[in-house]
Amino acid sequence: MEKTLRIRRQENPFASPYFEEYRVPFEDKNMTIAVALLNLTEDQRIKVEGTHPFRPVAFDHSCHQKRCGACAIVINDHPALACDTRLSSFSGDVIKIEPLKKFPIILDLLCDRSSIFERMKELDVWIEGDSGLQGEEISYEATRCIKCGLCLEVCPNFYREGAFGGMAAMAEQAALLAKIPPEQRKKAAKNYKRSVFDGCGKSLACRDICPVKLDIEELLVRSNAAAIWKRWLKYQETGVIGFCKGG
Ligand code: SF4
Ligand code: SF4
Ligand code: FES
């Protein structure tokens, strides 16, 4: 069996991108895109006029078991994990490989996803002191997020500089909201409202793309209940709502 990988290359953050094609023979029908990328050689390259000097394709990868999220890329216009996508799963001959599009490119398929973690820092998604843990089940579900960023790629409401953090940051907030006791929830609830509730259109495109099949709908429902609805009911009773006017 053989496939052609059409790969988007870029030599540095400021260079113009270009495409290169490689003819990849494979016998194992389980061979992944990640392995194919790792093993590309000069000989596999399809010679075209103006070809750049050969260099291995740069891309992030680590676990090759769908656990670290590092290998998130765009394959035939569909965001996916390279280690979870087999060459044999495509019926056509040419497979187009590109980096995620919502983050700055560093080199080839490598992009800078640090904004996901910066966003989590801004949101203070950790507990200080003794939390008296609650909501273990939902918190466990949230911590299965591998921060691959595929959900951000398909989210119509996420862009890097915006206030909406998307699902990658939301999962951490859901874990926090499930764990902290209600009396300590004010700041987390305020952050959640600003960075998730106000921005999320609930289209759930993120749920369909998520490689670990996170129960995003349940996380949203439980977090909205913890951060928004109980406060709203309290507001209706008392006329005071925590996240308004400085919380
Ligand atoms: S929610 Fe799913 S798709 Fe989004 S970062 Fe987490 S694991 Fe990846
Ligand atoms: S539900 Fe829609 S708007 Fe909300 S994070 Fe998922 S893809 Fe984005
Ligand atoms: S290499 Fe870890 S998820 Fe693909």
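Residues numbered from 1 in each chain as written. Chains lettered and ligands numbered in written order. Predicted model: local features only at pLDDT ≥ 70, side-chain atom pairs only at ≥ 80, totals over all residues.

1. Let's talk about the site of ligand 1
Here's step 1: By nearness alone, 16 residues border ligand 1, and Cys145, Cys148, Cys151, Ala168 and Cys210 come closest of all.
Here's step 2: With three residues, helix H5 (residues 166–179) is the single largest residue contributor to the shell around ligand 1.
Here's step 3: Considered class by class, the residues forming the shell around ligand 1 number 13 nonpolar, two polar and one charged. (Near = placed C-beta within 6 Å. Helix = DSSP H or I, 4+ residues; strand = E, 2+ residues; numbered from the N terminus. Nonpolar A, V, L, I, M, F, W, Y, C, P; charged D, E, K, R; others polar.)

2. A short note on the sheet that holds strand S3 (residues 72–75)
The strands making up a sheet associate through hydrogen bonds between their backbones, and the pairing can be parallel or antiparallel.
Here's step 1: Here five strands make up an open sheet; going across it, the order is S2-S1-S5-S3-S4 and the pairing mixed. Both outer strands of the open sheet, strand S2 (18–25) and strand S4 (78–81), are each paired with one neighbouring strand and no more. Neighbour-to-neighbour, the strand axes of the sheet open up by a mean angle of 35 degrees, direction not taken into account.
Here's step 2: Across four bridges, strand S1 (residues 2–9) lies against strand S5 (residues 94–98) in parallel orientation. Paired with threonine 4 across the two strands is valine 94, which belongs to S5. (Pairing = 2+ DSSP bridges. Axes fitted to C-alpha atoms, helices over the stretch in contact; angles between N-to-C directions.)

3. Brief notes about the pairing of S1
Here's step 1: Bridge count for S1 against S2 is eight bridges, and the pairing is antiparallel. Its bridge partner lying in S2, lysine 3 is registered against valine 24.

Coordinates in, geometry out; function isn't part of it.
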